[in-house]
Each structure stands twice: as structure tokens, then as C-alpha cells.
Amino acid sequence: LQANMITRKDSLARSLRRMKIVHGNVYNFFPVSFNLPNDYTKFLSYFAKSKNKNSNMVWISKPSDLSRGRGIYLFSDISDLLYEGPTVVQKYIDNPLLIGGYKFDLRIYVVVTSYHPLRIYMHHDGLVRFGTEKYNQSGIENVYAHLTNTSINRYGPSYSIDKEKIGAGCKWTITQLRSYFAKCNIDDRLIWERIKHLITLTILMQVNAVPRSAKQCIELYGFDVILDSHHKPWLLEVNFTPALGNDCQADVTVKLPMLIDFLKLIRRKIVVPRPATESMRKRRSRVNILRSSAKTTPSRICFNDAKPTGEDFDDDEDFFKRRFMISPLQLENTQKLSKIPDIKISSLKVRLDESSRESLVTSNSNTVNSVRKLRSKSSVTVMSRRRLSTLPASPPEFKIGGFYLTYPISNTTPDVSNGDVDIAKCVAEIRKVLKDSRGKFKLDSMKQSCFYGTPTVNWNLLSGLTVE
């Protein structure tokens, strides 16, 4: 899979820049970025123009192939720019949203269960990662104030101190953050609507690069998002292998349930057998065709009306029975159908005596009658391989565990996401949804009917710059 298209920093910057040129400001959720050394001349030109407008503009340098905050530093003078390998230089977001005076970003867990058609799920909980020292724009050399990576802040001098409004450590859960927003009378519905579509627009960039043969793939991503003082989300980076270790109680609260829900998503994926090719059908003898039409194995049973029972983990056989609610009688009939004696054939000619031929016809007729009874008495439908391959894709479940469906976003979207994705139509639909959402939430605020009550925002409490 072309996973590095969005998970490598330089590829992500390049892809988002192209998408913004093609589709416009709907992709305006990524800071201005340059890939060095290729874009060094363009960066110098942009740096000179921006320096004339704002002499205090800050930039951040990130090595393209490193993680966990290694090699990242801030600079405002071009003479301070040093790099050895591929590097992304990015305009620094100098007006982040603060809590208690501390900068933070969000780690959001996203699962792609299928690329053809596209299915995206976002977990309802995630991590909020704080800097361990108060944000100060002038002191750009202080990594504990400007970087939120846990691998860096765990070694900070203020990590174990009980910090104002944050507490000890450097992590919250997203549930805690939403509770804090509620206390500040902030309606965060538009924030999460924007984040949801930000994730979808990012994954759309690599859909057509994934081969259609990779239908059974499943990917877990960690999206890092930061909010500015106007509550606008900005994408920082996408992690292909997000850290799943437990460093504090927030990790245990978020990651363990997320992994359990991730396994539930995997269990929903049932492998459908591939249909036989035309050349294989031509090579079958007359008796083989008769046997294949009568013989039914569990791999050729389609559980159309089966309903899960809520069992999460168990032995394979018990889980299979409970997952699809198969009665002992149905299981016994299925096992009987698979016990048809093999027939030895020589080339395409089958030589049988009269007694063997009569027994074969009797066995096949009994098998066909059993199949008809099984079809009429149970919810298990016996189908041919050809019919299985032409079945329409079932509608995706809106909620599986703690994962909620992010894409498709409406009933008409699956028509767009089948086959090769028409990205232009998908982007147009997301643009329309975002426009409708802004109007809806603005109207709610005017009517003073926000999700969390009165729309009056306590900005002093939110920023933490003054203590009430």
C-alpha cells in the first residue's frame, strides 16, 4: 500500500499542496510547508516576502524520516536553518489554543477498513498531549513549551509537578477535554465536524494509489491535530504506527478500549471466496459440475440475515456459532453436505459401472433435497461462487464499539466510493456538508441553543491567562 503518501512528512506536504491547487481552500487545513532541499529557492523567496510583513514570523523544521520529536527545532532567522537530510520547513502556528497557559495537540485514532469501497472510522476518544511549561512565543528555544511530544516532555523538569488546570503529567483524554469545553460553555460540534472531514480529505489523497486487489487491508492511523485560538483545526502529521504503550493512566483509559474496538472491526471482515475462472470451468467434467452444484461447504454459505450476539472474544468454534447464530441442526446438515465421496477421474472421461452410477445419482438427489430444506428452514442462504462475487456491498455499520463511521458521510456517498473513487465529487460533497454545518451551528448560537447551554464563552477560563 502507498501508506507513506500521507505518513511521511515530505510526502504529506507535497500531496496536500497539490490537492489545494486542484480543489481549492477546502484543503486549507495544513500550514505552509516546503520540502528541503528541493524547495529551498521557493522557501527563500517566501521567507523574504513574509519577513517584510511580519519580522517575528517563526518557522519549524522537521526531519522527514524521524519521529517522536527528534530533530525538531524552531527558528526565526534564516541563518539558524540547518539540515542534513530531507527536511520539511513549516510555518509555525503561533496562536495555539491554550489551557492554563499550556499548549496542547490531539492524537486521534482512525481506522480504514476498506479502500474499495472507502470506509473510514474514527474513535470517539483519544489523547490530548500538553507541553510541560507555559507557552511563550518569545522563547522559541524552549522545547518543553513549544513541542507536545510525550517522548520529550516526560523528561521535562515540570513533568511531575501539579500544573495549573492540567495536573501532573502531560496527557488528558479527549473526553476530559470535551468536559473542560463544556465548563467553558464552548460548543465544540463544529470543531469535531471539521476534524472529521479533515481526516477524510487526507485519506482521499491515497485511495486511488491503493490497488483494487487489496480488498482485505485494514489500517490504523494516528492523526495529530492542533487547534488555534479561533478553534480551527490544523493537521500536523499522520502516524502509520501510532505508539500503543502505556505511560500514564490516560494511555490505559484510551488505548486499551481502542484496541478492543479495533479487534471488533477486524472481526467484521468476512472473506468471500474468489470465483472460478472461465478456463477452470471448461476443464471440469460433467460429473465434477454435478458434484460442485450439489456439494456445499461452509465457505460457500452467505450469512445474509445473521446477526451478531455481542460476544467479543471466545474460542474460534464457539465464536463462529454465536457470531452467526447457527443452530446445531443447521451445523449438522452443513457437515453432512461436505461428506460426499470423491470420484476418481481420468482426463475428461469418467468410467463408472451401472451400480456406481445409480448410487451417485441417489446421493446427489438426496443432497439437493437437503440443500432445499436448509434454504427454506434457516436464514443461511446457499449461493454459488458466481453469485457471491456479484452481490452488492452491504451498507457500513455506523458504530462498531467506540469507532464511528466518518466516511461515507451520507446515503449517496457509497455510489461515489464504489470502484475508482471520484475525488472531485467526494470533495464537493464534503465542501457542501461543511458549509451547511457552519450555517447550522452559527444559527444555533444566535438562538442560544448550543449543545452545552449558553453560547457565552468564558475566554479567561479557557486561555488560563487569568485565574478566577
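Each remark here, short or long, concerns the structure printed above.
Residues numbered from 1 in each chain as written. Predicted model: local features only at pLDDT ≥ 70, side-chain atom pairs only at ≥ 80, totals over all residues. Heavy atoms only, no water.

**Student:** Explain the pairing of strand S7 (residues 118-123) to me, using residue names and the numbers behind them.
**Tutor:** When you tally the buried positions in S7, you get six out of six residues, the bulk of the element. Because side chains alternate across S7, one face comprises the buried residues Leu118, Ile120 and Met122, and the other comprises Arg119, Tyr121 and His123, equally buried. In this structure, strand S6 (residues 102-115) lies alongside S7, joined through five bridges in antiparallel fashion. Looking across to S7, one finds that Val112 is bridged to Ile120. Connecting S6 to the next strand, S7, in antiparallel fashion are two residues. Relative to strand S15 (residues 403-407), S7 runs antiparallel, the two being bridged by four bridges. Its bridge partner lying in S15, Tyr121 is registered against Leu405. (Buried < 20%, exposed > 50% of the residue type's maximum accessible area, 1.4 Å probe, protein only. Helix = DSSP H or I, 4+ residues; strand = E, 2+ residues; numbered from the N terminus. Pairing = 2+ DSSP bridges.)

**Student:** Help me get a handle on the sheet that holds strand S3 (residues 73-75), residues and values and all.
**Tutor:** If you trace the four strands from one edge of the open sheet to the other, you get S1-S4-S2-S3, paired in antiparallel fashion. Edge positions in the sheet fall to strand S1 (33-36) and S3, since each has one partner strand and no second. Each strand axis lies, on average, 25 degrees off the axis of its neighbour in the sheet, ignoring direction. Along the sheet, helix H2 (residues 9-23) makes contact with S1, strand S2 (59-63) and strand S4 (87-91), crossing S1 at roughly 130 degrees. Taken strand by strand, helix H3 (residues 40-53) contacts S1, S2, S3 and S4, and its axis lies near 140 degrees from that of S1. (Axes fitted to C-alpha atoms, helices over the stretch in contact; angles between N-to-C directions. Contact = heavy atoms within 4.5 Å.)

**Student:** Mind laying out empty space enclosed by the protein, listing which residues take part and the relevant values?
**Tutor:** One pass over the full model with this rule turns up one cavity of 30 Å³ or more. Approximately 50 Å³ is the volume found for the largest cavity. If you go around the largest cavity, the residues you meet are Lys9, Leu12, Phe30, Lys62, Val88, Gln90, Leu236 and Glu237. Of all the elements in the fold, those that place two or more residues in the lining of the largest cavity are H2, S4 and strand S11 (233-239). The residue inventory of the lining of the largest cavity, partitioned by class, reads four nonpolar, one polar and three charged. (1 Å grid on protein atoms, 1.4 Å probe; cavity = no way out; pocket = protein on both sides within 12 Å on 5 of 7 lines; lining within 4 Å. Points joined across faces, edges and corners; volume = space filled by probe spheres on them. Nonpolar A, V, L, I, M, F, W, Y, C, P; charged D, E, K, R; others polar.)

**Student:** A description of unusual backbone geometry should follow, citing residues and the corresponding values.
**Tutor:** The step from Leu36 to Pro37 runs through a cis peptide bond, and the omega angle for that step is 10 degrees. Positionally, Pro37 belongs in the loop between S1 and H3. Phi is positive for Asn185, which is not a glycine, with a value near 60 degrees. At His231, a position not held by glycine, the phi torsion is positive, near 70 degrees. In this structure, His231 sits in the loop between strand S10 (219-227) and S11.

**Student:** Hey, could you go over helix H8 (residues 249-267) for me, with residue numbers and the actual values?
**Tutor:** Relative to the 27 Å expected for 19 residues at 1.5 Å per residue, H8 spans 28 Å between its end C-alpha atoms, a close match to the ideal helical length. All of the buried residues in H8 are Ala250, Asp251, Val254, Lys255, Met258, Asp261, Phe262 and Leu265. End-on view of H8: buried residues confined to an arc of 140 degrees, all on one side of the axis. Relative to its buried face, H8 has exposed residues pointing more than 90 degrees away, namely Gln249 and Leu256. (Expected span 1.5 Å × (residues − 1). Arc of directions from axis to C-beta.)

**Student:** Summarise the pattern of salt bridges; cite the residues concerned and give the values.
**Tutor:** In this structure the tally under the stated criterion is 16 salt bridges. For Glu164, the salt bridge is made with Lys165, and the minimal N-O distance between the two is 3.6 Å. Note on Lys165: relative accessible area 29%, which makes it partly exposed. A salt bridge links Lys171 to Asp251; the nearest nitrogen and oxygen atoms lie 2.9 Å apart. Of this pair, Lys171 sits in strand S9 (residues 171-173) while Asp251 is found in helix H8, placing the two residues 80 residues apart along the sequence. The same class applies to Lys171 and to Asp251, which are both buried. One salt-bridge network, held together by shared partners, links Asp105, Arg107, Arg129 and Asp224. (Salt bridge = Lys/Arg side-chain N within 4 Å of Asp/Glu carboxyl O.)

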